[in-house]
Every structure is written in C-alpha cells, then in structure tokens.
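An overview of the molecular structure
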Amino acid sequence: MHQTPAYAASSATTPLAPFTIERRAPRAHEVLIDILYCGVCHSDIHQARDEWGGNGIFPMVPGHEIVGRVVEVGEHAGKFKVGDAVGVGCFVDSCRVCPQCVSGEEQYCDEGMTGTYNSLERDTRAPTHGGYSTRITVHEDYVLRIPEGMPLDRAAPLLCAGITTYSPLRHYGVKPGDEVAVVGLGGLGHMAVKIAVAMGARVTVLSTSETKRADALALGAHDFAATRDPATFKALARRFDFIIDSVSGNHDYNAYLSLLKFDGTMVLLGIPDTPAPVAAGALIMQRRKLGGSLIGGIAETQEMLDFCAQHGIASDIELIDIGQINDAYERMVKGDVRYRFVIDIASLRPAA
Ligand code: NAP
Ligand code: ZN
Ligand code: ZN
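All values derive from a computational prediction rather than experimental measurement.

Put simply, helix α4 (residues 161–171) and helix α10 (residues 298–310) touch, their axes get as near as 10 Å, and they point 100° apart. As the angle between them shows, α4 and α10 are arranged roughly perpendicular. Here α4 contributes G162, I163, Y166, S167 and R170 to the contact with α10, which in turn contributes E300, T301, E303, M304 and F307. Looking at the contact of α4 with α10 residue by residue, the class counts come to 4 nonpolar, 3 polar and 3 charged.

Quick look at the structure:
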C-alpha cells in the first residue's frame, strides 16, 4: 500500500482540503500511475456538492481527467511499460460480459460502470478515489495511451471533455458541411467546437453572453450568438442539423429544440441538478430528435485521442495548483473558465 496525498471533500457542504488515501501495489493486470495532471470537470463540482440525488460517497476525492506516467506494472500486465504516458478517464472497471461491455460501450454497462471516484470497487466495495491525488492503480484494460508529442497537461481534459463530445458527434454521423451548434462554451463546449470543426462541420457557438465571441471564433467556430438576446432564437430558427447541449445549469430545452431543422437532433450532455420540461410539440413539428450521451468507451476514447493528435487538437487550459481548487470551482460555476482548469499535481507532492 502507498500512502498517497490527495484533496477531498469531506461532505457536500465543505470545501476541498488535504486528505490521505491508500493506493494498492498493482495486481497482476494493473499498473501504478504517478499522476502529473488532472483536469477539473463540472461533474466534479456536481458530485463534490452532491447535486445529483444525494448518493455521494464522502470523503470524496474527485478527478477523472487523469494523465500521468506508469511507474510500476503488475506481473501479467503487458499493455504498458514503466515510463509510458497514460490517461485514465471517468471509469476504471465494468462487468466486461454484458452486451455493452462486449461491444466496447463500457460506460453503459448493465451493472453500472465503476466510476473513477464516487463509486465502489467491484470486488472489495471500497470507495474509489480520483485524480486529485498523486497516484492511482488501475487495471490496464481501462488505461489509455497518450499519443506521442501531445502536451500532457493539455491532454488531460480529453479524458472526459474530449470523449464526451467526440462520441455523440461520431455516433450521430456528423459530416462535413453539417450545421452544428454548441450550447455552452465551457470545458465540454470548447472541445466540441474543436472536434466538430475538425470533422468538417460548420459550427456555431451559442453562449449566454457576448463575452466569449472572440474566443469562440479563435477556437475555430464559424459563427456565434448570445442566447440572452431573444432575437437569437428568431434569427437561428430551424438552422441546425445537430445541437450539442453542454450546459451545466438549468435552461429551457424547448427554446433550443426550435433551432433544429427538419429531422435534426439535439444531444444533451450537461446534467443540471433539476429536471426541465420538454414540450412534445417542440419535437413533433419537425420530426426532431432529443437524445443524451454518456462519455465514451475505452476503444472510442483511444480513437478520440489519436484523432486529436492527428488534427493537432488539445484543450485550452489554465494550469492551477491544488491550493486554488476551491476558487476554481467558484469560477466555473460562474462560467468563468477559459476553458479548462487543470491541476498541476506536482503541487500536491511533498517537497523533496
Ligand atoms: P463548464 O466548463 O462549467 O461549462 C458549462 C457552460 O455552460 C458554462 O461555461 C456556460 O457557458 C454554460 N452555462 C452554465 N450555466 C448555464 C445556464 N444556467 N444557462 C445557460 N448556460 C449555462 O462545465 P463542463 O465541465 O463543460 O460540463 C458541462 C456539463 O456537462 C456539466 O453538467 C457536467 O456535469 C456535464 N458532463 C456530462 C458528461 C456526460 O457524459 N454526459 C461528461 C462530462 C460532463 P457560456 O458561458 O458559454 O454560456
Ligand atoms: Zn467529466
Ligand atoms: Zn457490463
């Protein structure tokens, strides 16, 4: 066992603070990873504050956008060697035998994926702990390879924000020339823009205010509109083939559905804490579709990393020390993030 420095929320109402966890020596098919960087996802905030239904497991060490280097490999682990740059995303295990696991969609496992944190190990039922820590032990089948040359700090957010946006774009077959809207320009939203542009789509960012217009265009978006301006919904009515909704807070789905053209699809990625009504008419009138999508499987996550490497895509980040994490949460809740906070895990290691 390795005593491992971490940061944890001890309850839903307390700020994150230093905490120590134990990481096991790798079992036969596991690897031990020294964590270098961990992205800060809005899901970390939702869970650390127990905004999704009161099932949070505390103390909770969040973090599921993990990048680091392998420092030890189990006896029969053959996929990685010491020194390899690797990633761990939102889950670390699943049943492996249900239809979704067999088809590489482990995130939809019939028995429930084992979350990287705020979850229970399948065998010991011990709570899992995430990447706001200096090391993690993971089965090699749930570890990703970071492509050669990709900056490791800017790669970390791909493990959740990247795959969560790549997967629906692929699944729904977004193709060159499609009109795509990205709602909410945060961590997920900015990755959606980069990836959809690389897939050849014509991308419009729909953001609450005008403040992110220049950024959106610099990220590659072709167009931008502010959603606090009611004229936007008139001007863009029936414009889009596909809408990615990455909004973390409550909002009116029907208004956005009206922006879909005939047969268009809107996919929900954001998980606000309260449900919102959907008007049947908003779907019926133009045979529109409303869907949802949860991260992506291991094979697709590797495909996404390779796609991003090929297209020179990485996240735009603000690197922070672990001591800034509570302030980063406050800023994210206000939409003040350009466009992903990434924790430099060196700031968690004891001085040598
Ligand atoms: P984020 O970086 O905080 O970005 C969310 C953005 O949503 C904000 O920057 C803001 O963009 C917009 N927004 C926030 N509140 C709003 C409101 N009330 N009305 C309209 N717009 C609002 O968050 P994130 O890390 O990208 O995560 C976004 C959501 O996706 C979270 O709910 C998270 O839990 C969820 N998520 C889902 C999955 C999945 O698998 N489905 C995976 C990861 C995360 P503007 O400033 O541009 O308006
Ligand atoms: Zn996430
Ligand atoms: Zn399964």
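There is more to say, and it comes next.
A word on the layout of surface pockets. Size it by volume and the second largest pocket reaches roughly 530 Å³. If you trace the second largest pocket, you find 23 residues lining it, with R24, R27, E121, T128 and T137 closest to the centre. Residue assignment for the lining of the second largest pocket shows that the elements contributing at least two residues are β2 (17–23), β6 (91–93) and β8 (135–139). Looking at the lining of the second largest pocket residue by residue, the class counts come to 7 nonpolar, 7 polar and 9 charged.

Below, the discussion takes up α10. The end-to-end C-alpha distance of α10 is 18 Å, a good match for the 18 Å that 13 residues give at a rise of 1.5 Å each. Among the residues of α10, those classed as buried are I298, E300, T301, M304, L305, F307 and C308. Contacts made by the buried residues of α10 are with β6, β9 (144–145), α4 and α5 (187–198). G312 sits one or two positions beyond α10 and adopts a positive phi of about 65°.

Relative to the elements of secondary structure, R135 occurs in strand β8. Excluding anything up to four places from it in sequence, R135 contacts H2, Q3, T4, R23, L32, I33, D34 and I35. Side-chain polar atoms of R135 contact the backbone oxygen of Q3, separated by 3.0 Å.

Turning our eyes to something else, we now look at the site of ligand 1. The full set close to ligand 1 counts 30 residues, and H42, L185, S207, T208 and R340 are the nearest of them. At 3.2 Å, a backbone N or O of N250 approaches a nitrogen atom of ligand 1. Backbone polar atom of I271 to an oxygen atom of ligand 1: 3.0 Å apart, as the coordinates give it. For ligand 1, the accessible surface in isolation is 920 Å², of which the surrounding protein chains cover 90%.

Turning to the coordination of the zinc ion (ligand 2), a few remarks are in order. Within the first shell, the zinc ion (ligand 2) binds the protein through C41 (SG), H64 (NE2) and C160 (SG), at distances of 2.0 to 2.3 Å. Given a relative accessible area of 5%, C160 falls into the buried group.

For the structure on display, the rule yields 24 salt bridges. The residue K79 makes a salt bridge to D141 at a minimum N-O spacing of 2.6 Å. In this pair, K79 sits in the loop between β4 (66–73) and β5 (85–88) while D141 sits in the loop between β8 and β9, placing the two residues 62 residues apart along the sequence. The class for K79 is partly exposed, based on a relative accessible area of 44%.

This part takes up the coordination of the zinc ion (ligand 3). The protein atoms donating to the zinc ion (ligand 3) are C95 (SG), C98 (SG), C101 (SG) and C109 (SG), with metal-donor distances spanning 2.3 to 2.4 Å. Taken together, the 4 donor atoms coordinating the zinc ion (ligand 3) and their angles of 103 to 121° define a geometry best described as tetrahedral. Spacing between the donor residues of the zinc ion (ligand 3) along the chain follows C-x2-C-x2-C-x7-C. For the pair C101 and C109, a shared accessibility class is recorded, and that class is buried.

Among the secondary structure elements, D178 is positioned in the loop between α4 and β10 (179–183). Counting along the chain gives 23 residues from D178 to A201, while the straight-line C-alpha distance between them is 4.9 Å. Excluding residues that lie within four positions of it along the chain, D178 makes contacts with G173, A201, R202 and D241.

Looking now at empty space enclosed by the protein. Across all of its chains, the model carries 1 cavity of 30 Å³ or more by this definition. Considered as a void within the structure, the largest cavity measures approximately 60 Å³ in volume.

This paragraph deals with the environment of I345. Structurally, the position occupied by I345 is in the segment after β17 (340–344). Taking the C-alpha atoms as reference, I345 lies 38 Å from R228; in sequence the two are 117 residues apart. Discounting residues that sit within four places of it in the chain, I345 has contacts with I35, L36, Y37, C38, G131, Y132, S133 and T134.

What counts as what
Residues numbered from 1 in each chain as written. Chains lettered and ligands numbered in written order. Predicted model: local features only at pLDDT ≥ 70, side-chain atom pairs only at ≥ 80, totals over all residues. Heavy atoms only, no water. Axes fitted to C-alpha atoms, helices over the stretch in contact; angles between N-to-C directions. Helix = DSSP H or I, 4+ residues; strand = E, 2+ residues; numbered from the N terminus. Parallel < 35°, antiparallel > 145°, perpendicular 65-115°, else oblique. Contact = heavy atoms within 4.5 Å. Nonpolar A, V, L, I, M, F, W, Y, C, P; charged D, E, K, R; others polar. 1 Å grid on protein atoms, 1.4 Å probe; cavity = no way out; pocket = protein on both sides within 12 Å on 5 of 7 lines; lining within 4 Å. Points joined across faces, edges and corners; volume = space filled by probe spheres on them. Expected span 1.5 Å × (residues − 1). Buried < 20%, exposed > 50% of the residue type's maximum accessible area, 1.4 Å probe, protein only. Polar contact = N/O pair within 3.5 Å; in protein donor to acceptor, adjacent residues only side chain to side chain. Near = heavy atom within 4 Å. Areas by Shrake-Rupley, 256 points an atom, 1.4 Å probe, with all protein chains shown as cover. Donors = N, O, S within 2.8 Å, 3.2 Å for Na, K, Ca; no water. Salt bridge = Lys/Arg side-chain N within 4 Å of Asp/Glu carboxyl O. Tetrahedral: all angles 85-135°; square planar, octahedral: opposite > 155°, others 65-115°.

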